[in-house]
Amino acid sequence: MATQIFVNLPVKDLDKSVAFFTKLGYTFNPQFTNENATCMIISDTIYVMLLVEPFFQTFTTKEIINANKAVECIICLSADSKDAVNEMVDKAEAAGARIPKPATDYGFMYQHSYEDLDGHLWEFAWMDPNGMPEHQ
C-alpha cells in the first residue's frame, strides 16, 4: 500500500477556504467534512485537512502561528509542465491568493508560488527529467 499524506492546516473561515480551493479545481471528501473540518483531495495519496483554528488547536499545545506573518513550511506539489505551474498560480491569484514573488526558472526546474487566504505558502514545481544537472 502506498503511503498517504494528510497535511493539516488551520483556517480562519472554512467556507471561504473551501470556496477558494474549489476555484482551483480541488474536491472534498464529504465523509470527513463538517463545521470544523474538511478533507481536500489533492491526489489518491495526498490530502489536506482544512481545520478551523479552534478545532486545530485541540491537536496541539503549541501556539498556532499567523501564516500571514511567519512561515513554518512550504507545501510544494509537482506539475506536468511550466504551463501547468502558471495555470495553477493564475487560478489561485484570480481566486484571491497573494503572489509573494515572481516565478523562478532554473532551466531544469521551474517553480512558482502563492499564499492562500490564510497565508499558507503553496508552491508548484515542474522538473525537466532530461535537463537535470549531473550529480558530482
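The structure under discussion appears in the preceding block.
Residues numbered from 1 in each chain as written. Predicted model: local features only at pLDDT ≥ 70, side-chain atom pairs only at ≥ 80, totals over all residues. Heavy atoms only, no water.

Undergrad: What exactly am I supposed to notice about the overall build of the chain here?
TA: Helix and strand counts for the chain come out as 3 helices and 8 strands. Listed by position from the N terminus, the elements making up the chain come as β-α-β-β-β-α-β-α-β-β-β. Projected onto its principal axes, the C-alpha coordinates of the chain cover approximately 45 × 35 × 30 Å. Considering the chain as a whole, with its 136 residues, one finds that 38% of them fall into the buried category. Sequence separation of at least 24 residues holds for 51% of the intrachain contacts in the chain that already meet a minimum separation of 6. Within the structure as shown, the chain displays about 8700 Å² of accessible surface, and the carbon and sulfur contribution to it stands at 53%. (Helix = DSSP H or I, 4+ residues; strand = E, 2+ residues; numbered from the N terminus. Buried < 20%, exposed > 50% of the residue type's maximum accessible area, 1.4 Å probe, protein only. Contact = heavy atoms within 4.5 Å. Areas by Shrake-Rupley, 256 points an atom, 1.4 Å probe, with all protein chains shown as cover.)

Undergrad: Explanation requested: helix H3 (residues 82-94) in the structure shown.
TA: Helical periodicity: at 3.6 residues per turn, an α-helix aligns residues three or four positions apart in one direction. Between its terminal C-alpha atoms H3 stretches 18 Å, which fits the 18 Å expected from 13 residues at 1.5 Å a residue. When we look at burial in H3, the residues that qualify are Val85, Met88, Val89 and Ala92. For H3, the arc enclosing every buried residue in end-on projection is 95°, short of the 170-degree limit, so these residues lie on one face. Exposed residues pointing more than 90 degrees away from the buried face of H3 are listed as Asp83 and Ala94. Here the buried face of H3 lies against helix H1 (14-23), strand E7 (109-115) and strand E8 (121-127). (Expected span 1.5 Å × (residues − 1). Arc of directions from axis to C-beta.)

Undergrad: How should the layout of surface pockets be read in this particular structure?
TA: The volume enclosed by the largest pocket comes to roughly 360 Å³. The wall of the largest pocket is formed by 19 residues, among which Pro10, Phe56, Ile65, Glu72 and His120 lie closest to the centre. Sort the elements by how many residues they give to the lining of the largest pocket and strand E1 (residues 5-11) lands first, with 4 residues. Within the lining of the largest pocket, the residues separate by chemical class into 12 nonpolar, 4 polar and 3 charged. For the second largest pocket, the calculated volume is near 310 Å³. Along its surface, the second largest pocket is lined by 15 residues, and Tyr26, Ser78, Ala79, Met88 and Phe124 are the ones closest to its centre. Listed by contribution, the elements that provide at least two residues to the lining of the second largest pocket are strand E5 (74-78) and H3. Top element by residues in the lining of the second largest pocket is H3. It accounts for 4 residues. (1 Å grid on protein atoms, 1.4 Å probe; cavity = no way out; pocket = protein on both sides within 12 Å on 5 of 7 lines; lining within 4 Å. Points joined across faces, edges and corners; volume = space filled by probe spheres on them. Nonpolar A, V, L, I, M, F, W, Y, C, P; charged D, E, K, R; others polar.)

Undergrad: Is there a simple way to think about the pairing of E5 in this case?
TA: In regular strands, side chains alternate between the two faces of the sheet. Burial of the side chains of E5 is restricted to one face: Ile75 and Leu77 are buried, whereas none of Ile74, Cys76 and Ser78 on the reverse face is. As paired strands, E5 and E8 are joined by 5 bridges and run parallel to one another. Its bridge partner being in E8, Ser78 is matched across the sheet by Ala125. (Pairing = 2+ DSSP bridges.)

Undergrad: How do you make sense of the pattern of salt bridges when you look at a structure like this?
TA: Charged atoms that come close allow side chains of opposite charge to pair. Taken as a whole, this structure holds 4 salt bridges when the rule is applied. Lys12 is paired through a salt bridge with Glu53; the nearest N and O atoms lie 3.0 Å apart. Of this pair, Lys12 sits in the loop between E1 and H1 while Glu53 sits in helix H2 (residues 53-57), and the two are 41 residues apart along the sequence. Of the charged contacts, one joins Arg98 and Glu115 as a salt bridge, the two residues approaching to 3.0 Å between their closest N and O atoms. Placement of Arg98 in the loop between H3 and strand E6 (104-105) and of Glu115 in strand E7 is noted, with a sequence separation of 17 residues between them. Exposure remark for Arg98: the relative accessible area of 45% places this residue in the partly exposed category. (Salt bridge = Lys/Arg side-chain N within 4 Å of Asp/Glu carboxyl O.)

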